[in-house]
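In case you want the letters, here they are:
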Amino acid sequence: MREAHVYCELVSGTTPWAELEARHPTALILSGGPASVYAEGAPQVDPAALRAGLPVLGICYGMQLIAHHLGGEVAPAGKREYGPATLEIRERAGIFEKLPSELPVWMSHGDHVLRLPAGFRPLASSVNSPLAAITNGAGTVVGIQFHPEVVHTPSGKEILHNFLHGVAGCRGDWTPGSFITDAVERIRAQVGTGHVICALSGGVDSAVAAMLVDRAIGDQLTCVFVNNGLLRRNEAERVLDVLHGHLDINIRYADSTDRFLEKLDGVTDPERKRKIIGAEFIQVFEEEAKHLGHIDFLAQGTLYPDVIESTAPDTAKSAVTIKTHHNVGGLPPGLRFTLIEPLRYLFKDEVRRVGLELGMPEEMVYRHPFPGPGLAIRCLGAVTPERLEMLRGADWVVVDEIKKHGLYRQTWQAFAVLTPIQTVGVMGDGRTYANVVAVRVVTSEDAMTADWARLPYEVLARISNRIVNEVPGVNRVVYDITPKPPGTIEWE
Ligand code: XMP
């Protein structure tokens, strides 16, 4: 929907109509799902939402919900239908406006609509689904049995577009520019004459959040950039240069390298490292905030996936802590500020587009993600200044080669890991006993799953050769070929 420039939000199907109505939606879309509408505990929708006169599109299970709640009948199909099908279209109007009379679509369902609710009519059929698309008398409540959202339905985008613009009358004027205008107005109204603090991590999310707040209220914002000593080579300088130099944002720079490294002295357990870094960050941040006097608000770059994850039904939440994530923008529990989260409803790619629109340099907009605890979790075992320097050298080579070969934008992350292993090697005529560096380059859409990048051998060869030659203390380089799952992206 958002790709069609229509703003949309995901809400739970259990949301009562009164609550939905208060959000003034233009239209509703009921998603697909694997359940059967009759099954006990099957996800339902408040029937009032279907009778409110709002345009509704039900996809697969969503269509069955419409039929079920408006007086039709849903039953198990004689044959489960899964895979490609050909749609015979009866009415080339509404969602099928300007489309041919036959369309390849993707089906995936066990139940189907057996009998239409009163006043409904079929719009299209397939061999196994006589009611493959249906609508009410006014043409405003539409159900489709196939999946327009998958690539195997080549006209899917047009169908959704037709629903949004033709059936529902959405304007399609939600763009990065309009988002910025709205966000700036909202921030101004929220902040008034108050003061805002924002923690910069060097990543794109906190930087874009800061830029929006800066555009809204300028001098009432102060950003804090904490150098925890666990950043990559030249990172602090580069970030400050971009944010300070080009964008003219108030920044307090706290070089706390020594404090962090002292606290990490002798610590090898990854979870302990994470906890120590998180706690120390809060301390430094609190001290910095105190210098600024009275602060009312904390701006942070929370994104929509975090919001969805934290509001998902319990069944969707994982009960196991794989890694204690530390986000530099995270609200320190001891600090009582009101939150400003201008990116709360955006996905990462949208944040990037907003960043570009705000004038952020491409180099910053397309930076790979970098974990809050930084190199500490890529320096397996003890974190010492010497080992960090070694890791920085190797990391520099990996990113440099990936960029030189034009692979940076195609990969999700590319980095080096310093292992706690030493192996024997031979350099010149001498025996060496030195460190093993692992190279990790992955492709991913959202970091939930990932695959190792099939880098050309020449690139791997060049990375290995340069690391061993340029980074003293390393005599062996290995490439990680584990997808996620079962591996995670970071090693720790
Ligand atoms: P894993 O290693 O769990 O990482 O596959 C998934 C993604 O999250 C990043 N990551 C972090 N990001 N704070 C962050 O903001 C953290 O503490 C953190 N730990 C891991 C990781 O780099 C990958 O992109």
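This report concerns the structure included in the present document. (Residues numbered from 1 in each chain as written. Predicted model: local features only at pLDDT ≥ 70, side-chain atom pairs only at ≥ 80, totals over all residues. Heavy atoms only, no water.)

1. Some points on the overall build of the protein
For the protein, the count of helices and strands is 14 helices and 16 strands. C-alpha atoms of the protein, sized along the principal axes, occupy 80 × 60 × 40 Å. Within the protein, buried positions represent 50% of all 492 residues. The long-range share in the protein, meaning contacts at least 24 apart out of those at least 6 apart in sequence, stands at 73%. A total accessible area of about 23700 Å² is found for the protein, and carbon and sulfur atoms account for 53% of it. Where the 47 positive side-chain charges of the protein centre and where its 59 negative ones centre are 2 Å apart. (Helix = DSSP H or I, 4+ residues; strand = E, 2+ residues; numbered from the N terminus. Buried < 20%, exposed > 50% of the residue type's maximum accessible area, 1.4 Å probe, protein only. Contact = heavy atoms within 4.5 Å. Areas by Shrake-Rupley, 256 points an atom, 1.4 Å probe, with all protein chains shown as cover. Lys, Arg positive; Asp, Glu negative; His and termini not counted. Charge placed at Lys NZ, Arg CZ, Asp CG, Glu CD.)

2. Quick word on the sheet that holds strand β8 (residues 196-200)
One open sheet holds the 5 strands; their spatial order is β10-β9-β8-β11-β12, and the pairing between them is parallel. Bordering the open sheet on either side are β10 (251-255) and β12 (338-340), each of which pairs with just one other strand. The average angle at which neighbouring strand axes cross in this sheet is 25°, direction not considered. Note that strand β9 (residues 221-227) and β10 share 5 bridges and pair parallel. Across the sheet, residue Val226 finds its bridge partner in β10, namely Ala254. (Pairing = 2+ DSSP bridges. Axes fitted to C-alpha atoms, helices over the stretch in contact; angles between N-to-C directions.)

3. Thoughts on the pairing of strand β2 (residues 56-59)
Residues Val56 and Gly58 line one face of β2 and the alternating positions Leu57 and Ile59 line the opposite face, and both faces are buried. Of the pairings in the sheet, the one linking strand β1 (residues 28-30) to β2 comprises 3 bridges and is parallel in character. By the bridge assignment, Leu28 is partnered in β2 with Val56.

4. Focus: the nonpolar core
Residues Ile197, Leu230, Val398, Ile402, Val441 and Ile467 are the most contacted members of the largest nonpolar core, which totals 47 residues. In terms of residue count, the dominant contributor to this core is helix α13 (residues 385-404) (8 residues). Apart from the residues lying within four places of it in its own chain, the contact partners of Val398 are Ala414, Phe415, Ala416, Val439, Val441, Ile463 and Ile467. Formed by 44 residues, the second largest nonpolar core is a distinct cluster that contains Met211, Phe297, Val351 and Met364. (Core = buried A, V, L, I, M, F, W, Y, C linked by side-chain atoms within 4.5 Å.)

5. Describing unusual backbone geometry
Here the residue pair Lys484 and Pro485 is connected by a cis peptide bond, since its omega of -15° sits within 30 degrees of zero. Each neighbour pair has its own omega, and for Pro485 with Pro486 the value is 5°, a cis peptide bond. Here Pro486 shows up in the segment after β16 (474-479). The phi angle at Lys98 is positive, at roughly 65°, despite the residue not being glycine. With respect to the helices and strands, Lys98 occurs in the loop between β3 (73-89) and β4 (102-115). For Lys98, a relative accessible area of 79% puts it in the exposed group. Phi is positive for Glu492, close to 70°, though the residue is something other than glycine. Note that Glu492 resides in the segment after β16.

6. Considering the side chain of Ser206
Mapped onto the elements of the fold, Ser206 is located in helix α6 (residues 204-217). For Ser206, a relative accessible area of 6% translates into the label buried. Once you skip the residues sitting within four places of it in the chain, Ser206 turns out to touch Cys198, Ala199, Leu200 and Ser201.

7. Overview of the packing of aromatic side chains
Evaluated as defined, the whole model comprises 8 aromatic pairs. Judged by centre distance (5.7 Å) and plane angle (80°), the rings of Tyr82 and Trp106 are edge-to-face. One end of the pair, Tyr82, is in strand β3; the other, Trp106, is in strand β4, and 24 residues separate them in sequence. Here Tyr82 falls in the exposed class, since its relative accessible area comes to 57%. Accessibility expressed as a relative area gives 19% for Trp106, which makes it buried. A ring pair is formed by Trp174 and Phe179, whose centres lie 6.5 Å apart and whose planes are at 80°; its orientation type is edge-to-face. Each of the two residues, Trp174 as well as Phe179, counts as buried. Site record: aromatic cluster; members linked through ring pairs are Tyr7, Trp174 and Phe179. The cationic tip of Arg409 hangs over the ring face of Tyr366; the distance from NZ or CZ to the ring centre is 3.6 Å. The positively charged end of Arg454 is found above the aromatic ring belonging to Trp452, 3.8 Å away from the centroid. (Phe/Tyr/Trp six-rings, centres within 6.5 Å; stacked < 30°, edge-to-face > 60°. Lys NZ or Arg CZ within 6 Å of the ring centre and 35° of its normal.)

8. Quick look at the pattern of salt bridges
Working definition: two side chains of opposite charge can pair if their charged atoms are close together. Taken as a whole and assessed by the stated rule, the structure comprises 27 salt bridges. Here Lys157 ties to Glu3 by a salt bridge, and the two come within 3.3 Å at their closest N and O atoms. Of this pair, Lys157 sits in helix α4 (residues 156-167) while Glu3 sits in the segment before α1 (17-22), and the two are 154 residues apart along the sequence. The same class applies to Lys157 and to Glu3, which are both exposed. One salt bridge in this structure joins Arg171 and Asp173, with 2.9 Å as the shortest N-O distance. Since its relative accessible area comes to 70%, Arg171 is described here as exposed. On the basis of relative accessible area, Asp173 is assigned to the partly exposed category, the value being 43%. (Salt bridge = Lys/Arg side-chain N within 4 Å of Asp/Glu carboxyl O.)

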